[in-house]
Amino acid sequence: MRIEDILKIVSRHYKVPRNELLSARRSRDVVRPRQIAMFLAKALTSRSLPEIGRRFGGRDHTTVLHSVRKVEQMIKDDVELAQEIELLKRMLEE
């Protein structure tokens, strides 16, 4: 599994340009897909937090950790989001 593949699938699914996922923009329509992409990168690759951060526009490893924990909490609270993330995982495994 490559981070590039995760970026492509998440970008297409949420209709957010790939370069926006890597940008410094903090608008809600970009932040949530970016956090989900970071969560998937941590869950589906063997990459370290610092390496994932670098691949997502030079972010710090603590930013990646925050995203992972945030998405884990959102999954617990939102059944629809949990299903959506499972769908993304299946799309990535094809």
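The preceding data block contains the structure.
How each quantity is defined
- Residue indices begin from 1 for each chain and proceed along its sequence in written order.
- Local features in a predicted model are, by the rule used here, given only for residues with pLDDT of at least 70; side-chain atom pairs are given and counted only at 80 or more, and totals for whole chains, interfaces and linings are based on all residues.
- Note that water and hydrogens are dropped before the side-chain values are worked out from all heavy atoms of the structure.
- Definition used for salt bridges: Asp or Glu carboxyl oxygen within 4 Å of a side-chain nitrogen of Lys or Arg.
- Helix and strand definitions follow DSSP, with helices as H or I runs of at least four residues and strands as E runs of at least two, each counted in order from the N terminus.
- The rule is simple: take the accessible area with a 1.4 Å probe, protein chains only, and divide by the maximum for that residue type; under 20% is buried, over 50% is exposed, in between is partly exposed.
- The term polar contact refers here to a pair of N or O atoms within 3.5 Å; inside protein, the definition further demands a hydrogen-donor-capable atom paired with an acceptor-capable atom, and it admits residues adjacent in sequence only when both atoms are side-chain atoms.
- Every residue pair with non-hydrogen atoms within 4.5 Å of one another is taken to be in contact.

### A look at the pattern of salt bridges
Between side chains of opposite charge, pairing is possible as soon as their charged atoms come close. All chains considered together, the criterion is met by 8 salt bridges. For arginine 18, the salt bridge goes to glutamate 4, with nearest N and O atoms at 2.7 Å. Of this pair, arginine 18 sits in helix H2 (residues 18-22) while glutamate 4 is found in helix H1 (residues 3-14), placing the two residues 14 residues apart along the sequence. For glutamate 4, a relative accessible area of 24% corresponds to the partly exposed category. With a shortest N-O distance of 3.4 Å, arginine 47 and glutamate 51 are connected by a salt bridge. Arginine 47 sits in the partly exposed class, given a relative accessible area of 32%. The structure contains a network of salt bridges with shared partners spanning Glu4, Arg18 and Arg55.

### Regarding the side chain of threonine 45
Tracing the backbone shows threonine 45 in the loop between helix H3 (28-44) and helix H4 (49-55). Separated by 2.4 Å, the side chain of threonine 45 and the backbone oxygen of alanine 41 make a polar contact. Not counting chain neighbours up to four residues away, the residues in contact with threonine 45 comprise Met1, Ile3, Ile6 and Leu40.

Everything listed here is a matter of geometry and, on its own, says nothing about what the molecule does.
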